[in-house]
Amino acid sequence: MSLFDNFLIVFWGFFMIGIMAIGGYFMFRKFLKQLPRQDGKSTMDWEIHYLEKTKHMWEDNEKNLLEELVSPVPELFRDVARQKIASKIGEVALHKGLNKINQEVLIEGYILATPKRDHKFLRKKLKQKEIDIEPYEELFSLSKDDYRSNWQAQYKKNS
């Protein structure tokens, strides 16, 4: 066996271990979302609950806006992102006691469901659509990087 063959075998081994570690990381994250919380339901159970409770509240304009907002997410992860964001939007709509999802609730839920790094795209997209972002500045400041353990109580107090 030549030195090149040995190098190739070692490289292939490290490559395979790296790929399996990345896949394992994503599988482990999905497993953690399935674990029940203190209330007996998992994070995914709550997402499905809010989606089921609010699916009749969505109109075409809001669905189209949500599709535009999740468009920069890679296609492989887009369904997961759409479910997470739509469930947060549904949660906000239910907490506000609304009968249908409107643009304001959609933007609020999107901000709350996404990390700070995604807000740059949201601001750009809202500016393109000529939607004023001033009413949402406080929500931008509460983005996931800055969430405290009691962010929901703080949000309800400000609403």
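Quick caveat, the model's predicted, so the values are computed rather than measured.

1. With respect to unusual backbone geometry
Backbone geometry at Glu-130 places phi at a positive 60 degrees, although glycine is not the residue there. Tracing the backbone shows Glu-130 in the loop between helix H6 (119–128) and helix H7 (137–141). Judged by relative accessible area, which is 75%, Glu-130 ranks as exposed.

2. Describing the packing of helix H4 (residues 75–96) against helix H5 (residues 103–113)
Between H4 and H5, the shortest axis-to-axis distance is 8 Å and the interhelical angle comes to 125 degrees. Accordingly, the angle class assigned to the pair H4 and H5 is oblique. The handedness of the crossing between H4 and H5 comes out as right-handed. Here H4 contributes Lys-84, Ile-85, Lys-88, Ile-89, Val-92, Ala-93 and Lys-96 to the contact with H5, which in turn contributes Glu-104, Val-105, Leu-106, Glu-108, Gly-109, Tyr-110, Leu-112 and Ala-113. Taken together, the residues that form the contact of H4 with H5 break down as nine nonpolar, one polar and five charged.

3. Some thoughts on the side chain of Thr-54
Turning to its location among the elements, Thr-54 is positioned in helix H2 (residues 43–54). Exposure remark for Thr-54: the relative accessible area of 0% places this residue in the buried category. If we skip the residues at most four places from it in the chain, Thr-54 touches Gly-90 and Leu-94.

Definitions and cut-offs
- Residues numbered from 1 in each chain as written.
- Predicted model: local features only at pLDDT ≥ 70, side-chain atom pairs only at ≥ 80, totals over all residues.
- Heavy atoms only, no water.
- Helix = DSSP H or I, 4+ residues; strand = E, 2+ residues; numbered from the N terminus.
- Buried < 20%, exposed > 50% of the residue type's maximum accessible area, 1.4 Å probe, protein only.
- Axes fitted to C-alpha atoms, helices over the stretch in contact; angles between N-to-C directions.
- Parallel < 35°, antiparallel > 145°, perpendicular 65-115°, else oblique.
- Left-handed = near helix turned anticlockwise from the far one by under 90°.
- Contact = heavy atoms within 4.5 Å.
- Nonpolar A, V, L, I, M, F, W, Y, C, P; charged D, E, K, R; others polar.

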